[in-house]
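Overview (structure and organization)
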Amino acid sequence: MVMEKTDWSALGFDYRKTDVNARYTFTDGKWSEMEITEDEYIRMHMSASCLHYGIELFEGLKAFRGVDGKVRLFRVEDNARRLQSSAERLCLPVPTIDMIVDACIEVVKRNERHIPPYGTGASLYLRPVMFGTTVGLGVKPAKDALLIVYCSPVGAYFKSGIKPMPVAIDREQDRAAPRGTGDVKVGGNYAASLLSGEKGHSLGYSNIMYLDAAEHKYIEECGACNFFGIKEGKYITPKSPSVLPSITNKSLRQLARDMGLEVEDRRIPVEELPTFEECGGCGTAAVITPIGKIFDMQTNAVYEYGSEVGKVSMELYTRLQDIQYGRAEDIHGWCTIVM
Ligand SMILES: *Cc1c(COP(=O)(O)O)cnc(C)c1O
């Protein structure tokens, strides 16, 4: 095999071809064995249900090359469980945890040469994606599905140190309805958020902060990140049926407890924003993106948190990365050592 030279530090968050991907197909009421293929393409009928009715879901997780040279997959079983709940919500066949975990492990092993070395800040991003492929015209659940797990090396989210971002509150467009699909990881939620995201970007904001769709009173999510605020020794994060249960947020809540902070899962009214000492978004891509400024596009209110990352956010970030890169003991059993 010819090894092309890779400038790992120059990688962004983009698709980059690797060697193989893993697939399972569901037809005639049962799943196939795992298939490993070099093919990046799929052949699909133009009337496949995913194309017309959005019967599609995905996941995102990372594998890290640690300080000890070992490769760790972070909380892969939690991603598998969340994939199952998304599949149930979309009436898709539900793969087993083992099927999903096995495919992730296989994809990491077989793409070893694409795992960025330790110290580059880069990692191997895994993208499980699943969709209905039944040919038809009427709206009904798919009887056939394809589950693919592929990967792509991605660069460090913050190239020159963790930096706070400006976000904007938008009440004109919602991401997810209270009893809709906000709590599952389905493509439709993203499609619905693009327009407000573009509006935010054109005004110079990195992300849109979404409020609850029913009353526009409570904070929900920040772009494709969960939200958290820090004040008075507490880690506070929104409780809502339309927030995606972030695995990073779940991990940060545990680490916050480990640090002696109190953790509150509750509704967070917009009026509480000025009282936070620090706030940020969290997710697999960046772990934590601190929020430096929030602008309310409808009321013109501005909330500022400074241009430096807060002390608590920084410690949470460091503690999580230390576990992911094998620098700290994995006391909660979050990592699967792949090799
Ligand atoms: C994926 C996602 C997150 C982050 O979840 P992680 O499991 O931490 O990566 C947050 N919000 C939304 C809407 C998401 O789709």
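Okay, so let's go over this structure. Keep in mind it's a predicted model, so treat the numbers as computed, not measured.

Things to note about the state of the cysteines
Evaluation of the coordinates by the stated rule reveals zero disulfides. Take Cys151: it sits in no disulfide, and the sulfur closest to it among the cysteines is that of Cys104, at 9.8 Å. Sulfur of Cys282: no disulfide; nearest cysteine sulfur belongs to Cys225 and is 6.9 Å away. A relative accessible area of 1% means that Cys282 is categorised as buried.

A look at the nonpolar core
Taken as a class, soluble globular proteins show a tendency for nonpolar side chains to be buried jointly. Counting 36 residues, the largest nonpolar core has Leu57, Leu73, Leu92, Cys104, Val108, Leu126 and Met130 as the members making the most contacts within it. Elements with a contribution of two residues or more to this core: strand S1 (21–27), strand S5 (61–65), strand S6 (71–74), helix H2 (76–89), helix H3 (97–110), strand S7 (123–132) and strand S8 (145–154). Top element by residues in this core is H3. It accounts for eight residues. The next biggest cluster of nonpolar side chains, apart from the first, holds 23 residues, and it includes Phe74, Ile288, Leu320 and Trp334.

Structural notes on a negative patch on the surface
On the surface, a cluster of negative charge is contributed by Glu35, Glu38, Asp39 and Glu40. Of the residues examined, Asp39 reaches a relative accessible area of 39% and is grouped as partly exposed.

Considering the environment of Lys159
Tracing the backbone shows Lys159 in the loop between S8 and strand S9 (165–170). For the pair formed by Lys159 and Gly12, sequence separation is 147 residues and the distance between their alpha carbons is 9.2 Å.

Notes on the packing of aromatic side chains
For the structure shown, the criterion picks out 12 aromatic pairs. Centroid distance Tyr24 to Trp31: 6.4 Å. Interplanar angle 80°. Geometry classified as edge-to-face. Residue Tyr24 shares its accessibility class with Trp31, and that shared class is buried. A ring pair is formed by Phe26 and Trp31, whose centres lie 5.1 Å apart and whose planes are at 70°; its orientation type is edge-to-face. Here Phe26 and Trp31 have matching classes, each one buried. Every member of this aromatic cluster is reached through a ring pair, and the members are Tyr24, Phe26 and Trp31. One Lys or Arg, Lys231, reaches over the ring of Phe276 and ends 5.5 Å from the middle of that ring. Over the face of the ring belonging to Tyr218 we find Arg267, whose NZ or CZ atom lies 4.2 Å from the ring centre.

Quick look at the site of the ligand
Around the ligand sit 14 residues, and of these Lys185, Tyr190, Ser246, Thr248 and Thr284 come closest. One nitrogen or oxygen atom from the side chain of Arg82 is found 2.8 Å from an oxygen atom belonging to the ligand. Separating an oxygen atom of the ligand from a side-chain N or O atom of Tyr190 is a distance of 2.4 Å. If the ligand stood free it would expose 380 Å²; the protein chains cover 96% of that surface. Taken atom by atom, the bulk of the ligand overlaps the largest pocket. Among the residues making up the shell around the ligand, the classes are represented as five nonpolar, five polar and four charged.

Focus: the pairing of strand S10 (residues 207–211)
By the criterion of burial, S10 is predominantly enclosed, with five of the five residues buried. In S10, alternate side chains face the same way, and those of Asn207, Met209 and Leu211 on one face and Ile208 and Tyr210 on the other are all buried. By the bridge criterion, four bridges tie S9 to S10 in an arrangement that is parallel. From the neighbouring strand, Ile169 faces S10, where its bridge partner is Met209. Between the parallel elements S9 and S10, the chain passes through helix H4 (residues 187–202) in a crossover that is right-handed. Where S10 lies against strand S11 (residues 219–222), three bridges are found, and the strand directions are antiparallel. Residue pairing in the sheet places Tyr210 in a bridge with Glu221 of S11.

Rules behind the numbers
- Residues numbered from 1 in each chain as written.
- Predicted model: local features only at pLDDT ≥ 70, side-chain atom pairs only at ≥ 80, totals over all residues.
- Heavy atoms only, no water.
- Disulfide = S-S within 2.5 Å.
- Buried < 20%, exposed > 50% of the residue type's maximum accessible area, 1.4 Å probe, protein only.
- Core = buried A, V, L, I, M, F, W, Y, C linked by side-chain atoms within 4.5 Å.
- Helix = DSSP H or I, 4+ residues; strand = E, 2+ residues; numbered from the N terminus.
- Patch = residues over 30% accessible without salt bridge, like charges linked within 9 Å, V, L, I, M, F, W, Y side chains within 5 Å.
- Areas by Shrake-Rupley, 256 points an atom, 1.4 Å probe, with all protein chains shown as cover.
- Salt bridge = Lys/Arg side-chain N within 4 Å of Asp/Glu carboxyl O.
- Lys, Arg positive; Asp, Glu negative; His and termini not counted.
- Charge placed at Lys NZ, Arg CZ, Asp CG, Glu CD.
- Phe/Tyr/Trp six-rings, centres within 6.5 Å; stacked < 30°, edge-to-face > 60°.
- Lys NZ or Arg CZ within 6 Å of the ring centre and 35° of its normal.
- Near = heavy atom within 4 Å.
- Polar contact = N/O pair within 3.5 Å; in protein donor to acceptor, adjacent residues only side chain to side chain.
- 1 Å grid on protein atoms, 1.4 Å probe; cavity = no way out; pocket = protein on both sides within 12 Å on 5 of 7 lines; lining within 4 Å.
- Sits in = over half its atoms within 2 Å of the grid points.
- Nonpolar A, V, L, I, M, F, W, Y, C, P; charged D, E, K, R; others polar.
- Pairing = 2+ DSSP bridges.
- Right-handed = clockwise from strand over helix to strand, strands pointing away.

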